[in-house]
Amino acid sequence: MSCVKESDAIPGDTGHRGRPLMRSRREEQVDPVDIMLRHHGRYEAIIREAISLPAMRTAVVHPCSTETLRSAVELKEQGLLDPVLVGPEHKIRAIADAAELSLAGIDIEPVEHSHAAADRSVELAAIGKVAALMKGSLHSDELLSAVVAPASRLKTGRRMSHVYVMDIPAYDKLLIVTDAAINIQPDLDQKRDICQNAVDLMHLLGVERPLVAVLAAVETVNSKMPSTLDAAALTVMAARGQIEGAVVDGPLAFDNAISIEAAQAKSIASPVAGHADILLVPDLEAGNMLAKQLIYFAGADAAGLVLGARVPIILTSRADPAKVRTASAALARLSAAKRLEAGMPL
């Protein structure tokens, strides 16, 4: 089985840091619910459906910063999460007091340090005490290493992977970019798992047969460009049922994947071209740069989730706006609920 290794994750890099200092209109002081829902509107149905469900018991792993602790409290107030704060109790309470955050009704699972918080959170998930994990103020690889440790019972036969579910003003539907945060240089088998993880999430969001564009720099197979060979192989694998429930095509360049005009100009006949639901990138560097360009240049929002373990893992950044943190938690809530509906083990 292929698993995420500590060296395969970029420590602490799950999102978009260094936002511009100038406040955008959507970051002005207005109703928090309005901020949460109004921007492009494509998270709205996901958030409303998730809020309609019972709050999800979630281990918040080492919430020892004001940002992560405030996020846990806000998600509880919104009715999305029933958080269990796993970390040094004295430090958590001191942060809450300094930030004037009420921890009333929130359980604390005391442990000494971040490594212990990761291990205990994984244990709580393995025994069914929590239905999801949420990263606090520890590095991503520290948490994920505990998830895939030899003694962990959260591993599955799948490679774990990260998805950005992106709401982009210039695109007419939600778009998944994967993997931009965990797998550095995935091989063909790992890309198959990354693809299937994203496809399964799209199914849970109501897209019955998502369109997957396997990205490369060109649209033709070139033996000197390994990404085009992998793209062609993944296309055949989907046709042979090795990737289930999706239409997969590649190699496709980014413009052809999202613009029907660009595809027509190059005479590309493809059911995916111009209509992609999922962009499967060749490696982490390409995915990370693509996602951040969409965030900063195209005004996209990017909700993040780790898939492939027995429970969803919410990865949030200190720079994420409130709506993105809420959407990430909502995606995890729906994922956990619909897995149970389908009889899939947590």
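Thresholds, definitions, all that
- Within each chain, residues carry numbers counting from 1 in the order of the written sequence.
- Confidence filtering applies because this is a predicted model: local features only for residues at pLDDT of at least 70, side-chain atom pairs given and counted only at 80 or more, and all residues used for totals across whole chains, interfaces and linings.
- Each side-chain value is derived from all of the structure's non-hydrogen atoms; neither hydrogens nor water enter the calculation.
- Working definition: helices are DSSP H or I runs of at least four residues, strands are E runs of at least two. Numbering for both runs from the N terminus.
- Think of it in three bands: with a 1.4 Å probe and only protein chains considered, a residue is buried below 20% of the maximum accessible area for its type, exposed above 50%, and partly exposed in between.
- Note on definitions: a residue-residue contact is assigned when non-hydrogen atoms from the two residues lie within 4.5 Å.
- Every accessible area reported is derived by Shrake-Rupley at a probe size of 1.4 Å, with residue values counting cover from the shown protein chains alone.
- Cavity means a closed set of points on a 1 Å grid over the protein atoms alone, one where a 1.4 Å probe fits but cannot get out, pocket means an open set with protein on both sides within 12 Å along at least 5 of 7 lines, and lining means a residue has an atom within 4 Å of a point.
- Grid points are joined across faces, edges and corners, and a volume is the space filled by probe spheres set on the points.
- Each pair of strands is called paired provided DSSP finds at least two bridges between the two strands.
- Convention adopted: a line fitted to C-alpha atoms gives each axis, helices being fitted over their contacting stretch, and angles between N-to-C directions are expressed from 0 to 180 degrees.
- The nonpolar core is taken to be a set of buried Ala, Val, Leu, Ile, Met, Phe, Trp, Tyr and Cys residues, with the residues joined through side-chain atoms within 4.5 Å.
- An expected span of 1.5 Å times one less than the residue number is assigned to each helix.
- Residue-level confidence of the predictor is what pLDDT reports, using numbers from 0 through 100.
- A side-chain nitrogen of Lys or Arg and a carboxyl oxygen of Asp or Glu constitute a salt bridge if their distance falls within 4 Å.

Caption draft 1: Focus on the overall build of the protein chain. Within the protein chain, the regular secondary structure consists of twelve helices and eleven strands. Burial analysis of the protein chain (346 residues in total) assigns 55% to the buried set. Considering only contacts in the protein chain between residues 6 or more positions apart, those separated by 24 or more positions represent 73%. For the protein chain, the exposed surface amounts to about 14,800 Å²; the carbon and sulfur share of it is 53%.

Caption draft 2: Looking closely at empty space enclosed by the protein. For the structure shown, the criterion picks out three cavities of 30 Å³ or more. Computed from the structure, the second largest cavity encloses a volume of approximately 40 Å³. The wall of the second largest cavity is formed by Ser71, Glu74, Leu75, Gln78, Ala322, Arg325 and Thr326. Elements with a minimum of two residues in the lining of the second largest cavity: helix H3 (66–77) and helix H12 (322–341).

Caption draft 3: View of the sheet that holds strand S10 (residues 301–307). With mixed pairing, eleven strands are arranged side by side in an open sheet as S3-S2-S1-S4-S11-S10-S5-S6-S9-S7-S8. Every other strand in the sheet has two partners, leaving strand S3 (107–110) and strand S8 (247–252) as the edge strands with one partner each. Helix-sheet contacts for helix H4 (residues 89–99) involve strand S2 (81–87) and S3, and the interaxial angle to S3 is about 140°.

Caption draft 4: Spatial organisation of the nonpolar core. If you look at the biggest cluster of nonpolar residues, it comprises 57 residues, and the most contacted ones within it are Leu85 and Leu103. In contact with Leu103, other than residues within four places in its own chain, are Leu69, Val73, Leu85, Ile92, Arg93, Ala96 and Ile108.

Caption draft 5: The arrangement of H3 in detail. The end-to-end C-alpha distance of H3 is 16 Å, a good match for the 16 Å that twelve residues give at a rise of 1.5 Å each. All of the buried residues in H3 are Thr68, Leu69, Ser71, Ala72, Val73 and Leu75. Buried residues belonging to H3 abut strand S1 (56–61), S2, H4, strand S4 (132–135) and H12. Backbone geometry just downstream of H3 places Gly79 in the positive-phi region, at approximately 85°.

Caption draft 6: A look at the confidence of the model for the protein chain. Here the protein chain averages 88 in pLDDT, and 87% of its residues register 70 or above. Low pLDDT, under 50, characterises residues 1–38; the predicted model gives this stretch 87 contacts beyond four residues in sequence or across chains.

Caption draft 7: View of helix H8 (residues 226–239). The terminal C-alpha atoms of H8 lie 20 Å apart, and with 14 residues this matches the ideal 20 Å at 1.5 Å per residue to within 8%. Residues of H8 that are buried: Ser227, Thr228, Asp230, Ala231, Leu234, Thr235, Met237 and Ala238. Each element contacted by the buried residues of H8 is listed here: helix H7 (188–204), strand S7 (211–215), S8 and strand S9 (278–280).

Caption draft 8: Expanded view of the pattern of salt bridges. What the rule picks out here adds up to 14 salt bridges. With a shortest N-O distance of 3.0 Å, Glu89 and Arg93 are connected by a salt bridge. Here the residue Glu89 and the residue Arg93 both occupy positions in helix H4, the gap between them amounting to four residues, near one helical turn. Taking the relative accessible area as the measure of exposure, Arg93 reaches 40% and is therefore partly exposed. The shortest N-O distance in the salt bridge between Asp301 and Lys323 comes to 2.8 Å. Taken as a pair, Asp301 in strand S10 and Lys323 in helix H12 lie far apart in primary sequence, 22 residues in all. The residues Asp301 and Lys323 share a single accessibility class, namely buried.

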